[in-house]
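An overview of the molecular structure
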Amino acid sequence: MTASPWSALSWGAAIGLLGGLIGLGGAEFRLPVLLGLFALAAHPAVRMNLLMSFVTLAAAAVARFGLASFPDLAAHLPEIAALTVFAMAAAWFGAGLLARIDAHRLTRLIAGLLAAIGLLLLVEAVAGEALHLGAAPGGWWRPVAGAIAGVGIGLVSSLLGVAGGELIIPTLIFGFGLDIRTAGTASLIISLPAVAVGVARHARAGGYRDRVALLGIGAPMAAGSVLGAMAGAALLPFVPAAALKLLLGAILLASSVKLWRKGAAVAAG
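Residues numbered from 1 in each chain as written. Predicted model: local features only at pLDDT ≥ 70, side-chain atom pairs only at ≥ 80, totals over all residues. Heavy atoms only, no water.

**Concerning the environment of Gly118**
Note that Gly118 resides in helix H5 (residues 103–127). Assessed through its relative accessible area of 0%, Gly118 is described here as buried. Residues Gly118 and Ala254 lie 136 residues apart in sequence; the distance between their C-alpha atoms is 9.1 Å. (Helix = DSSP H or I, 4+ residues; strand = E, 2+ residues; numbered from the N terminus. Buried < 20%, exposed > 50% of the residue type's maximum accessible area, 1.4 Å probe, protein only.)

Written out as structure tokens, the structure reads:
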């Protein structure tokens, strides 16, 4: 497909709509589009996806913190702080690691991570509250577990170019017992600095010098993602989230298979 600004805007809006309906930024669905339909190489696609994730996150933060009441996070500050600090450190390391991974291995890695996220969506849709830990606030283990989770989330964020909400929100709900609204707010607090660190390191290394791609794909797709996410959030009460997660989980699994085959073709070529 020709990478025109209008097609980028349209795909961004569609992906943002899907992401808004299930409470994510949509970056995990945006990446296969960048790789497949817009034919970006793996490394530029991840960097572009991370930059658009940051723009979408910033817009979501303005909307949530400006229009909604702020939940009480005091009881969960130890794990939130640990998640944030270690996710930032891992994102900085992962952004540097990205440049050292060849295209074949990176494509295979992206395929594996997308498959894992797809499976997570399927498990969440089927299991629901059965996975809820329901642990009471407090305990020495919470910041330790938050630090460990933060490392994994920061690495996935930088290597996929995603905000990490698809991992942070289930971790907070099923691992630390937060409710969905509080987890969504905490996810923004954790994701924004981690993604900003990754974007800063890529920018420092010259990862955003391609102005044609930035203006032709990045800017319109980011704008579409923001508009779509807002529309998705508005439609959320009318769409069954579990059914949507089943559908999108299956889409991610299919995308991962396609990317895995593409990685094999890169290796063979």
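There's more to say after this.
**Digging into H5**
With 25 residues, H5 ought to run about 36 Å at 1.5 Å a step, and its terminal C-alpha atoms sit 36 Å apart, in line with that. Listed in full, the buried residues belonging to H5 are Leu106, Thr107, Ile110, Ala111, Leu113, Leu114, Ala115, Ile117, Gly118, Leu121, Glu124 and Ala125. For H5, the N-terminal cap is Asp102; the gap from its side-chain oxygen to the backbone nitrogen of His104 is 3.1 Å. (Expected span 1.5 Å × (residues − 1). Polar contact = N/O pair within 3.5 Å; in protein donor to acceptor, adjacent residues only side chain to side chain.)

**Describing the packing of H5 against helix H7 (residues 165–176)**
One way to put it is that H5 packs onto H7 with a least axis distance of 11 Å and a crossing angle of 40°. Relative to H7, the element H5 is oriented oblique. Judged by the sense of rotation from one axis to the other, the crossing of H5 with H7 is left-handed. Between H5 and H7, the residues in contact are Ile117, Leu120 and Glu124 and Glu166, Leu167, Pro170 and Phe174, respectively. In the contact of H5 with H7, the residues fall into five nonpolar, no polar and two charged. (Axes fitted to C-alpha atoms, helices over the stretch in contact; angles between N-to-C directions. Parallel < 35°, antiparallel > 145°, perpendicular 65-115°, else oblique. Left-handed = near helix turned anticlockwise from the far one by under 90°. Contact = heavy atoms within 4.5 Å. Nonpolar A, V, L, I, M, F, W, Y, C, P; charged D, E, K, R; others polar.)

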